[in-house]
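The residues making up each chain are set out below.
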Amino acid sequence: MATWVIGDVQGCWGALKRLLGKLQFDPEADRLWFAGDLIGRGVQAEAVLDFVMGLGDRASCVLGNHDLNLLAIDAGLRRAKPSDRLDGILASSRRADYMAFLSRQPLILWSDKHDTLVSHAGLYPKWSIAKASALAEEVVCVLRSSRRVSFLENMYGDTPDIWSEHLTGWARLRFIANAFTRMRFVDGAGRLDLATKGGLDSAARPWRPWFDWPNPDRGDTRVIFGHWSTVGRIKKNNAVGLDSGCVWGGELSAIQIDRDHDNIVAEPCKSLTDELS
Ligand SMILES: [Mn+2]
């Protein structure tokens, strides 16, 4: 049995199929973990969701910003941008099933055995694994409750930009959701820069990628994340970035976490128009 973590698929069903072939994925024995953004911009979003949902408990997925965006659009709180290519999902007879599936997904996945945490954007450097797990659960509980739409309505915004134990209400949940799904650059105090989206050198001091700050409470835990396609696939400070820009014609990447040695496999992606042909 193998457990693979797969980077941002973003509706690229053809690339996912080819990658699974390369991994010799056995749906009877293997497990798939997805690092979030299953959909968004790619041309075959329904096929990706149908496949992942069809795997049942053999697949797990953390929520990414695109997944949360779809939930907010479904709730009538935001308009879909044409570039998000979500029309098919929104017009589908399975729309309610897709939304029910997404709103049940967690913000983090954790393997004790492999000392590995997966979240879409990474691990905020001021949080231990236990703290991150507890805070992720706060958001997940609200997403699964009757307060879901209110949360989605209050989820957008770049403030507060720094964590405090004293945060309460929507501000607290907004920070937690931003840290797990949108974080890239952080300063030494723990402030998030949610505006800069370029590569590693696109932000000057005091900003650094979140994984470049020491986190004494993290121990040896490996953190696997997606979201940062302008950085691409990266391994640094026991963090593994898997968003190698599949939807931009880059690659779709996967790492097998139940192996002692590094085992990253990548599949080249086609342009969006070629993907459909
Ligand atoms: Mn993302």
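Up top is the structure these notes are about.
Residues numbered from 1 in each chain as written. Predicted model: local features only at pLDDT ≥ 70, side-chain atom pairs only at ≥ 80, totals over all residues. Heavy atoms only, no water.

(A) View of the pairing of strand 2 (residues 31–34). By the bridge criterion, four bridges tie strand 1 (residues 3–6) to strand 2 in an arrangement that is parallel. Among the inter-strand pairings, Val5 is bridged to a residue of strand 2, identified as Trp33. What joins strand 1 to strand 2 is helix 1 (residues 13–22), and the crossover it makes is right-handed. Where strand 2 meets strand 3 (residues 59–61), three bridges bridge the pair, whose relative direction is parallel. Across the sheet, Leu32 pairs through a bridge with Ala59, a residue of strand 3. Between strand 2 and its parallel partner strand 3, the chain crosses via helix 2 (residues 45–54), and the hand of that crossover is right-handed. (Pairing = 2+ DSSP bridges. Helix = DSSP H or I, 4+ residues; strand = E, 2+ residues; numbered from the N terminus. Right-handed = clockwise from strand over helix to strand, strands pointing away.)

(B) Focus on the side chain of Thr196. For Thr196, the position within the fold is in the loop between strand 7 (192–193) and strand 8 (208–209). Polar contacts involving the side chain of Thr196 include one to the side chain of Asp193, which spans 2.6 Å. If we ignore the near neighbours within four places in the chain, the residues touching Thr196 are Arg184, Phe185, Ser202 and Ala203. (Polar contact = N/O pair within 3.5 Å; in protein donor to acceptor, adjacent residues only side chain to side chain. Contact = heavy atoms within 4.5 Å.)

(C) Quick peek at the pattern of salt bridges. Summed over the entire model, instances satisfying the criterion amount to 13 salt bridges. Its salt-bridge partner being Asp50, residue Arg94 comes within 2.6 Å of it at the nearest N-O pair. Note that Arg94 is positioned in the loop between helix 4 (87–91) and helix 5 (95–103) and Asp50 in helix 2, a separation of 44 residues in sequence. For Arg94, a relative accessible area of 32% puts it in the partly exposed group. In this structure Asp50 comes out as partly exposed when scored by relative accessible area, which is 30%. The closest approach of N and O atoms between Arg172 and Glu138, which form a salt bridge, is 2.8 Å. One end of the pair, Arg172, is in helix 8 (residues 169–181); the other, Glu138, is in helix 6 (residues 129–143), and 34 residues separate them in sequence. Residue Arg172 is classed as buried on the basis of its relative accessible area, which comes to 13%. A single network of salt bridges, built from pairs that share partners, joins Lys131, Glu138, Glu165 and Arg172. (Salt bridge = Lys/Arg side-chain N within 4 Å of Asp/Glu carboxyl O. Buried < 20%, exposed > 50% of the residue type's maximum accessible area, 1.4 Å probe, protein only.)

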